[in-house]
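# Coordinate inspection notes
What follows is the residue order along each chain.
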Amino acid sequence: MTYDFLQHYWWFLVSLLGALLVFLMFVQGANSMIFSLGRTAEERRLIVNSTGRKWEFTFTTLVTFGGAFFASFPLFYSTSFGGAYWLWMIILFSFVLQAVSYEFQNKLGNILGTKTFQWFLIINGILGPLLLGGAVATFFDGSNFVVEKMNLTDSVQPVISHWANASNGLDALLDPWNLVFGLAVFFLARVLGTLYIINNVNDENIRSRASVRLVGAIVPFLLLFLAFLVRTLLKDGYAYNPDSGEIVMEPHKYLNNLLSMWYVLLVFLAGVVLLLYAVIKTVVSKTYIKGIWPAGIGVVLVVLALLLCAGWNNTAYYPSNVDLQSSLTIANSCSSEFTLRTMAWVSLLIPFVLAYIFYAWRSIDRNKLDKEELKDGEAY
């Protein structure tokens, strides 16, 4: 295992965690439609209890994603999470709001009322995917930061990187293309959320409404995603010389990446086919309720391919719009070879963790959720 291999290996693992996180945001997607899918208090409680079975998987994956980034690429962590902290703080606060809402909406002594906490879930369902999508879009559009590694010798203020303005990350939302991708992720979360509800909630009224919402979510997602994808593939990208480390602008960099890494392109196309298959079959067949699985696998493959395209093939995965040479690559922002090598051995435990998640998921979903279970079982 060479140092170069370890850098690529850990970017793959971080990208996989990011892809799994996007899939698991079906929780946020379903929560954003609580009042449109559930017309009565009982129906809304069905939806909340359905997503309540899985919200911890999403939150845990978000934390693991951040931890993996910190351990393998600490300079990105200090630059983005430290410099753009307002953006990340809003994201994290919305997820904390989600956790509180699940636990307290039907507790005795709730003076705010059940609907207040359900609106908190809707806020998380909108802000979570939108802001995370906007943050990921900066991998292709760049951010406003400066990296000065010589500041480590400053005994008074040894800060390597800093934001170039006072917005502390909120300026990412001023870029219209970041918003386009953020909205695409939001509608994708709604697509996954409707597919999940159709599969998990045994109620014909909710399923019929979810089928209608599915069409209303997939159309804007495809338009927004295709617009962002075409623009990204045709624009200049951020490349670096592996020998000198110099960052340069390369015409059609991301298109070149997909064409040169044909295996990543195949993964991307396979993911697109699986997602479209799941949506079309769910809309056409009234008895098909398993669309969440091919769609989920497809989303993981598509997001994985996009993130690999952003970091592999000598590409700066976190470009700086203020100082081009401050842009971060998997080579100049990673941990030491010893750290990456040690963590690589630890990463061999990941299949066992995934097996446990699979087992826990199946145990939770052994029976589809219905109104009778709300009366007899433990419910939010």
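Notes on the structure follow.

Calculation notes
Numbers given to residues run from 1 along each chain, matching the order in which its sequence is written. Only residues with pLDDT of at least 70 get local features here, since the model is predicted, and only at 80 or more are side-chain atom pairs given and counted; chain-wide, interface and lining totals rely on the full set of residues. To get the side-chain values, take all heavy atoms of the structure and skip hydrogens and water. Patch criteria: residues need more than 30% relative accessible area and no salt bridge. Like-charged residues are merged within 9 Å; nonpolar side chains of Val, Leu, Ile, Met, Phe, Trp and Tyr are merged within 5 Å. Accessibility throughout is a Shrake-Rupley quantity obtained with a 1.4 Å probe, and a residue counts as covered only by protein chains that appear here. One side-chain nitrogen of Lys or Arg within 4 Å of one carboxyl oxygen of Asp or Glu is enough to make a salt bridge. Counting from the N terminus, the helices are DSSP H or I runs at least four residues long and the strands are E runs at least two residues long. Think of it in three bands: residues with accessible area under 20% of the maximum for their type are buried, residues over 50% are exposed, and the middle band is partly exposed, with areas taken using a 1.4 Å probe on protein chains only. Contact between two residues is taken to exist if any of their heavy atoms lie within 4.5 Å; hydrogens are not considered. For our purposes a nonpolar core is just a set of buried Ala, Val, Leu, Ile, Met, Phe, Trp, Tyr and Cys residues, chained together by side-chain atoms within 4.5 Å. Comment: axis = line fitted to C-alpha atoms, over the contacting stretch for helices; angle = value between 0 and 180 degrees taken between N-to-C directions. In this scheme, roughly parallel covers angles under 35 degrees and roughly antiparallel covers those over 145, while 65 to 115 is roughly perpendicular and the rest are oblique. Crossing handedness: left-handed means the near helix sits turned counterclockwise from the far one by under a right angle, and right-handed means the same turn made clockwise. For this classification, the nonpolar set comprises Ala, Val, Leu, Ile, Met, Phe, Trp, Tyr, Cys and Pro, the charged set comprises Asp, Glu, Lys and Arg, and every other residue, Gly included, is treated as polar.

Next up on the list: a nonpolar patch on the surface. Residues Val215, Val219, Leu223, Leu276, Ile280, Val283 and Val284 make up a contiguous nonpolar surface patch of roughly 620 Å² in combined accessible area. Elements with a minimum of two residues in the nonpolar patch: helix H10 (204-234) and helix H12 (262-284). A total of four residues in the nonpolar patch trace back to one element, the largest contributor, which is H12. Residue position: Leu223 is located in helix H10. A residue is classified by how much of its surface remains accessible, and Leu223, at 61% relative accessible area, is exposed.

Listed as buried for helix H6 (residues 74-83) are Leu75, Phe76, Thr79, Ser80, Phe81 and Gly83. Considering only its buried residues, H6 is in contact with helix H5 (55-72), helix H7 (85-104), helix H8 (114-141), strand S1 (145-147) and strand S2 (161-163).

Let us look at unusual backbone geometry. For His252, which is not glycine, the phi dihedral falls at a positive 55°. Inspection of the secondary structure puts His252 in the loop between strand S4 (247-250) and helix H11 (253-260). Even without glycine at this site, Asn313 takes up a positive phi of about 60°. For Asn313, the position within the fold is in the loop between helix H13 (292-311) and helix H14 (337-346).

Moving on, we come to the nonpolar core. Nonpolar side chains tend to gather and get buried jointly when the protein is soluble and globular. Counting residues in hydrophobic clusters, the biggest one holds 113 residues, and the most contacted among them are Trp11, Phe69, Phe73, Phe76, Phe139, Phe225 and Tyr317. When neighbours within four sequence positions are excluded, Trp11 is seen to be in contact with Phe69, Phe73, Phe139, Leu307, Leu308, Gly311, Trp312, Tyr317 and Ile330.

Under the criterion given, the structure shown has five salt bridges. Linking Glu43 and Arg209 is a salt bridge whose minimum nitrogen-to-oxygen distance equals 2.9 Å. With Glu43 in helix H4 (residues 41-52) and Arg209 in helix H10, this pair connects stretches of sequence that are 166 residues apart. No difference in accessibility class separates Glu43 from Arg209, as the two residues are buried.

Here Phe358 lies in helix H15 (residues 350-364). Assessed through its relative accessible area of 53%, Phe358 is described here as exposed.

The next thing to look at is the packing of H12 against H13. For any two helices packed against each other, one specifies the inter-axial angle together with the distance between the axes. Direction vectors running N to C along H12 and H13 enclose 150°, while the axes themselves pass 7 Å from each other. With respect to H13, the element H12 is oriented roughly antiparallel. Of the two possible hands of crossing, H12 and H13 adopt the one that is left-handed. The residues of H13 that touch H12, namely those facing Val264, Val267, Phe268, Ala270, Gly271, Val272, Leu274, Leu275, Tyr277 and Ala278, are Pro294, Ala295, Ile297, Gly298, Val299, Leu301, Val302, Ala305, Leu306 and Leu308. A class-by-class count of the residues in the contact of H12 with H13 yields 18 nonpolar, two polar and no charged.

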